[in-house]
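# Observations on the model geometry
Take a look at the letters that make up each chain.
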Amino acid sequence: MPQKLPDGSLVFKMVYFGPELAGKGTSIRWIHDKEKGIQTGKLTQVRAGRDASFFDRMMAKIGKSNVSFQVWSVVGKKSFESLQKAILGGVDGIIFVWDASKEAWKDNLAAINLLIEILKRKLLDLPMICMFNKIDLARGKRVTRKDAEEIFKKAKLRNVDFIETVAIDGKNVKNAFTLCAKKILSCYIKK
Ligand SMILES: Nc1nc2c(ncn2[C@@H]2O[C@H](COP(=O)(O)OP(=O)(O)OP(=O)(O)O)[C@@H](O)[C@H]2O)c(=O)[nH]1
Ligand SMILES: [Mg+2]
């Protein structure tokens with residue numbers, strides 16, 4: 001559920017989740033740096049190493065409505081449970097960033113399983129998008145989108161929209177964000 005501010009505006013929480021090095025931080029940075037009129041504040045990236053970050057955070061808007069989004073990312077691997085639980089608490093929508101490279105297969109599965117473990121049945125009703133990321137990699141180096149879709153189906157996550165992305169070039173990164181934002185809003189209106 002969104003926070004309601006004293007001026008009547010609503011703040012929803014959107015979380016980018018996925019394995020290490022999937023492209024979560026790159027996506028959020030792209031939106032922050034390159035897309036006009038979405039981010040409304042500074043980007044916080046708390047680093048754990050050269051590429052890795054514990055989490056990212058920024059505020060964002062779509063259009064001129066009195067609705068905004070608190071955008072977070074957190075890595076979906078074991079041993080970060082307390083951080084993951086804190087960031088996923090009260091989440092209104094999820095962008096799962098799937099790393100399409102073959103060597104990330106097991107890490108993607110581990111991240112999905114962790115998400116299911118943390119959110120349990122709540123996940124089935126949550127607006128969710130899957131960024132099928134790194135499709136710039138050569139065919140032989142990545143899995144197919146169908147392979148990934150199967151995993152979501154097996155987990156009974158049927159309501160997930162897939163978008164093929166290249167976070168480093170910004171391809172479809174904004175589309176994934178706005179689609180998730182719209183899904184969150186329509187889900188809220190229906191309730
Ligand atoms: N080829 C390719 N590389 C990408 C793409 N997106 C991200 N990368 C690279 O993958 C690496 C990890 O990207 P990040 O955005 O830091 O990944 P993250 O999901 O934030 O990872 P953690 O912070 O460790 O959880 C970086 O070297 C990126 O440049 C993509 O679409 N294609
Ligand atoms: Mg990161």
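Residues numbered from 1 in each chain as written. Chains lettered and ligands numbered in written order. Predicted model: local features only at pLDDT ≥ 70, side-chain atom pairs only at ≥ 80, totals over all residues. Heavy atoms only, no water.

Near ligand 1 there are 19 residues, and of these Leu 21, Lys 24, Thr 26, Ser 53 and Asp 136 occur at the shortest range. Within the contact set of ligand 1, an oxygen atom lies 2.7 Å away from a backbone nitrogen or oxygen of Ser 53. Between Asp 136 and ligand 1, the recorded distance is 2.8 Å, taken from a side-chain N or O atom to a nitrogen atom. Examining the composition of the shell around ligand 1, we find that three residues originate from one element, helix 1 (residues 24-34), more than from any other. (Near = heavy atom within 4 Å. Polar contact = N/O pair within 3.5 Å; in protein donor to acceptor, adjacent residues only side chain to side chain. Helix = DSSP H or I, 4+ residues; strand = E, 2+ residues; numbered from the N terminus.)

Turning our eyes to something else, we now look at the nonpolar core. In terms of nonpolar packing, the biggest core is built from 32 residues, with Ile 94, Phe 96, Trp 98 and Phe 152 touching the most fellow members. At the level of secondary structure, the elements contributing two or more residues to this core comprise strand 2 (10-18), strand 5 (67-75), helix 2 (81-88), strand 6 (93-99), helix 3 (105-119), strand 7 (128-133), helix 5 (145-154) and strand 8 (160-165). The leading source of residues in this core is helix 3, at six residues. Grouped together as the second largest cluster of nonpolar side chains are 28 residues, Ile 31, Ile 129, Val 173 and Ala 176 included. (Core = buried A, V, L, I, M, F, W, Y, C linked by side-chain atoms within 4.5 Å. Buried < 20%, exposed > 50% of the residue type's maximum accessible area, 1.4 Å probe, protein only.)

Tracing the chain through its elements places Lys 13 in strand 2. Despite its burial, Lys 13 pairs with no opposite charge, the nearest such side chain being Asp 92 at 8.0 Å. Within the structure, Lys 13 has its side chain in polar contact with the backbone oxygen of Ala 86 (distance 3.4 Å). A polar contact of 2.7 Å, which involves the side chain of Lys 13, links it to the backbone oxygen of Gly 89. (Lys, Arg positive; Asp, Glu negative; His and termini not counted. Salt bridge = Lys/Arg side-chain N within 4 Å of Asp/Glu carboxyl O.)

With that settled, consider the packing of aromatic side chains. Applying the stated criterion across every chain yields a total of 10 aromatic pairs. With centroids separated by 5.5 Å and ring planes inclined at 65°, the aromatic side chains of Trp 98 and Trp 105 adopt a geometry described as edge-to-face. Taking relative accessible area as the criterion, Trp 98 reaches 0% and is therefore assigned buried. Residue Trp 105 is classed as partly exposed on the basis of its relative accessible area of 27%. Measuring from ring centre to ring centre gives 6.1 Å for Trp 98 and Phe 152, while their planes differ by 45°; the resulting arrangement is tilted. On the criterion of sequence distance, the pair formed by Trp 98 in strand 6 and Phe 152 in helix 5 is long-range, its members being 54 residues apart. Here the aromatic cluster, defined as three or more aromatic residues joined through ring pairs, consists of Phe 96, Trp 98, Trp 105, Phe 152 and Phe 162. (Phe/Tyr/Trp six-rings, centres within 6.5 Å; stacked < 30°, edge-to-face > 60°.)

A word on helix 3. Here helix 3 spans 22 Å end to end across 15 residues, near enough to the 21 Å set by a 1.5 Å rise per residue. Taken together, the buried positions of helix 3 are Asn 108, Ala 111, Ile 112, Leu 114, Leu 115, Ile 118 and Leu 119. Angular distribution of buried residues about the axis of helix 3 spans 160°; they occupy a single face of the element. Against the buried residues of helix 3 lie strand 2, helix 2, strand 6, helix 4 (122-125), strand 7 and helix 5. At the C-terminal side of helix 3, Lys 120 shows a positive phi close to 50°. (Expected span 1.5 Å × (residues − 1). Arc of directions from axis to C-beta. Contact = heavy atoms within 4.5 Å.)

The sheet contact formed by strand 3 (residues 44-47) and strand 4 (residues 53-60) spans four bridges and is antiparallel. In the sheet register, Gln 45 faces strand 4, and the bridge partner there is Asp 56. Counting the residues that bridge the hairpin from strand 3 to strand 4 gives five residues. Both strand 4 and strand 5 contribute to a ladder of six bridges, which runs antiparallel. From the neighbouring strand, Met 58 faces strand 5, where its bridge partner is Val 71. In this structure, the hairpin formed by strand 4 and strand 5 is closed by a connection of six residues, where Gly 63 is found at a positive phi of approximately 70°. (Pairing = 2+ DSSP bridges.)

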